[in-house]
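For reference, the chains in residue letters:
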Amino acid sequence: MSNIQFGKMPDAKGYFGPYGGQLLPPELIEIMNEINSAYDEIRQTTAFQEELDLLFATYVGRPSPIYHAKRLSNKIGGAQIFLKREDLNHTGAHKINHCLGEALLAKHMNKTKVIAETGAGQHGVALATACALVGIPCEIHMGQVDIEKEHPNVTKMKILGCKLVPVTRGTATLKDAVDSAFEEYMKDPINTLYAIGSVVGPHPFPRMVRDFQSIIGREARAQFLQSQGKLPDYITACVGGGSNAIGLFSEFLNDQEVTIVGVEPAGKGLDTNMHSATMTKGTPGAIHGFKCYLLQDDAGEPLPVHSIASGLDYPGVGPQHCYLKDLGRVQYETATDSECLDAFMQLSRVEGIIPALESAHAVAWAMKKAATLSTTQTILINLSGRGDKDADYVADLLKL
């Protein structure tokens, strides 16, 4: 494993080992290849790089800081816990990093509309924000269950001017929103860009979204070295589709002394059918135009999934995560709904930071792990989003 140059993934056809690719009709493969070519062209230009860098600095508020959660660390009594504060970004999460890139790409390709799915609404808000910024119409498909759970984000999307399409089919959550958005995209793929919200889908999206999100890892590595004089012993992030995680992980893959841990939702328990632990319980399969680990039935159809966090309830996962699991470079652990809720409340009341329920999964694992380590060891969590969107839902759930 030490000889692998992780930065070289994927190959020319979009495969990370056996995962990824373009499992699509020939006409759609042609369109995806056009997107890939346009992306390769635009990303090399100084004008694009300077525009994105300026927006990151003056619009998003990058670099996001690293915060030492001293009170939480002292309460647990083990490793020192640090947070990469993506929750402080404009729109409240990491999603704005790739949404700005996708909106600029759509503008470069002269697309007349951007379409996407959203789970917790963070991708939807970020994309609606980016589309408002560049002046392109935006259409977001969102499951009805998630619309009811994530009302603040629904309101923001409407204020930002996007067309919100409620999805009531199936479980009315993220997977169904993806199906609905993809069907709408297929009606006019020439003039529309499907701005996928994670490192999933057909090539080039797993690579492209990863590239835009890798700003997290580049900043975090340099910041941690500067402040601590060494790299963290552990880095961790929640994994649904996997964009915030791969954004952090990508810069540390060749640092063998850093243990990398992705945290999936165990929901109501791995022994139930109410979880979204794709890497832990899934098997290789195909969904939404690519190969990955998949929670599937005997016929290869995706199973219904569950997580308290709307942004994590997806039966597939990014292909690069699948390959990193097989290579043994990244460990994939889980946190239950109840562990997530406990971490949500602990971080809120001990540090005054209300995390997104998605991010709270990584906090839950880190809290448990920190207790087993010495006070000289360090864990860096990617705090991928803030919990404004979840506050009312959690308050109702816990009867606060």
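Residues numbered from 1 in each chain as written. Predicted model: local features only at pLDDT ≥ 70, side-chain atom pairs only at ≥ 80, totals over all residues. Heavy atoms only, no water.

### With respect to the overall build of the protein
Point 1. Of the regular secondary structure elements, the protein holds 16 helices and 14 strands.
Point 2. The C-alpha radius of gyration of the protein comes to 19 Å, within 12% of the 21 Å expected for a compact globule of 400 residues.
Point 3. With the C-alpha coordinates aligned to their principal axes, the bounding extent of the protein is approximately 55 × 45 × 45 Å.
Point 4. Considering only intrachain contacts with a sequence separation of at least 6, the fraction spanning at least 24 residues in the protein is 74%. (Helix = DSSP H or I, 4+ residues; strand = E, 2+ residues; numbered from the N terminus. Rg over C-alpha atoms; globule rule 2.2 N^0.38 Å. Contact = heavy atoms within 4.5 Å.)

### What to know about helix H15 (residues 357-370)
Point 1. End to end, H15 covers 20 Å across 14 residues, agreeing with the expected 20 Å (1.5 Å per residue, within 8%).
Point 2. Turning to H15, its buried residues number three or more, namely Leu-357, Glu-358, Ser-359, Ala-360, His-361, Ala-362, Val-363, Ala-364, Trp-365, Ala-366, Met-367 and Ala-370. (Expected span 1.5 Å × (residues − 1). Buried < 20%, exposed > 50% of the residue type's maximum accessible area, 1.4 Å probe, protein only.)

### Digging into the pattern of salt bridges
Point 1. Here the structure, examined in full by the defined rule, presents 19 salt bridges.
Point 2. For the salt bridge of Arg-169 with Glu-183, the shortest nitrogen-to-oxygen distance reads 2.9 Å. Residue Arg-169 is located in the loop between strand S7 (163-167) and helix H8 (174-186), and its partner Glu-183 is located in helix H8; the two are separated by 14 residues in the primary sequence.
Point 3. For the salt bridge of Asp-255 with Arg-221, the shortest nitrogen-to-oxygen distance reads 2.9 Å. (Salt bridge = Lys/Arg side-chain N within 4 Å of Asp/Glu carboxyl O.)

### Thoughts on the side chain of Ser-198
Point 1. Along the chain, Ser-198 turns up in the loop between strand S8 (192-194) and helix H9 (205-213).
Point 2. Polar contacts involving the side chain of Ser-198 include one to the main-chain amide nitrogen of Gly-242, which spans 3.2 Å.
Point 3. One polar contact links the side chain of Ser-198 to the main-chain amide nitrogen of Ser-243, over a distance of 3.3 Å.
Point 4. With sequence-adjacent residues up to four places away left out, Ser-198 is seen in contact with Lys-95, Phe-205, Val-209, Gly-241, Gly-242 and Ser-243. (Polar contact = N/O pair within 3.5 Å; in protein donor to acceptor, adjacent residues only side chain to side chain.)

### Regarding a nonpolar patch on the surface
Point 1. A contiguous nonpolar surface patch, about 270 Å² in accessible area, is contributed by Leu-397, Leu-398 and Leu-400.
Point 2. By the secondary structure assignment, Leu-398 is in helix H16 (residues 391-398). (Patch = residues over 30% accessible without salt bridge, like charges linked within 9 Å, V, L, I, M, F, W, Y side chains within 5 Å. Areas by Shrake-Rupley, 256 points an atom, 1.4 Å probe, with all protein chains shown as cover.)

### Brief notes about the nonpolar core
Point 1. One finds Ile-35 and Leu-127 to be the most contacted residues of the largest nonpolar core, which totals 87 residues.
Point 2. Look past the residues within four positions of Ile-35 in its chain and what remains in contact with it is Leu-105, Met-109, Tyr-185, Leu-193, Pro-204, Phe-205 and Met-208.
Point 3. In terms of nonpolar packing, the next biggest core, distinct from the first, is built from 24 residues, Leu-72, Ile-81, Leu-83 and Ala-343 among them. (Core = buried A, V, L, I, M, F, W, Y, C linked by side-chain atoms within 4.5 Å.)

### Some thoughts on the environment of Arg-62
Point 1. Relative to the helices and strands, Arg-62 resides in the loop between helix H2 (46-60) and strand S3 (66-68).
Point 2. In this structure the C-alpha to C-alpha distance between Arg-62 and Asn-89, which are 27 residues apart in sequence, comes to 7.1 Å.
Point 3. Discounting chain neighbours no more than four positions away, the residues touching Arg-62 are Phe-56, Ala-57, Lys-84, Glu-86, Asn-89, Asn-97, Ile-215, Ile-216 and Glu-219.
Point 4. A polar contact is formed between the side chain of Arg-62 and the side chain of Glu-219, at a distance of 2.7 Å.

### A word on unusual backbone geometry
Phi is mostly negative for residues that are not glycine, and the peptide bonds are mostly trans.
Point 1. Omega for the bond connecting Arg-62 with Pro-63 falls within 30 degrees of zero, at 0°, which places this linkage in the cis form.
Point 2. Its location among the elements puts Pro-63 in the loop between H2 and S3.
Point 3. Here the residue pair His-203 and Pro-204 is connected by a cis peptide bond, since its omega of 20° sits within 30 degrees of zero.
Point 4. In this structure, Pro-204 sits in the loop between S8 and H9.
Point 5. In this structure, Ala-172 is a non-glycine residue whose phi angle is positive, near 55°.
Point 6. Judged by relative accessible area, which is 6%, Ala-172 ranks as buried.
Point 7. You will see that Lys-399, though not glycine, has its phi angle at about 55°, which is positive.
Point 8. Within the fold, Lys-399 resides in the segment after H16.

### A few points about the sheet that holds strand S4 (residues 80-85)
Point 1. Pairing is mixed in the open sheet, where six strands are placed in the order S3-S4-S14-S9-S10-S13. A single partner strand is all that each edge strand has here, and the edge strands are S3 and strand S13 (330-336). Across the sheet, the mean angle separating the axes of adjacent strands is 30° when strand polarity is ignored.
Point 2. Relative to strand S10 (residues 259-267), strand S9 (residues 234-238) is paired through five bridges, and the arrangement is parallel. For Thr-236, the partnering residue across the bridge sits in S10 and is Val-261.
Point 3. This element, H15, spans S4, S9, S10, S13 and strand S14 (378-383) of the sheet and lies at about 145° to S9. (Pairing = 2+ DSSP bridges. Axes fitted to C-alpha atoms, helices over the stretch in contact; angles between N-to-C directions.)

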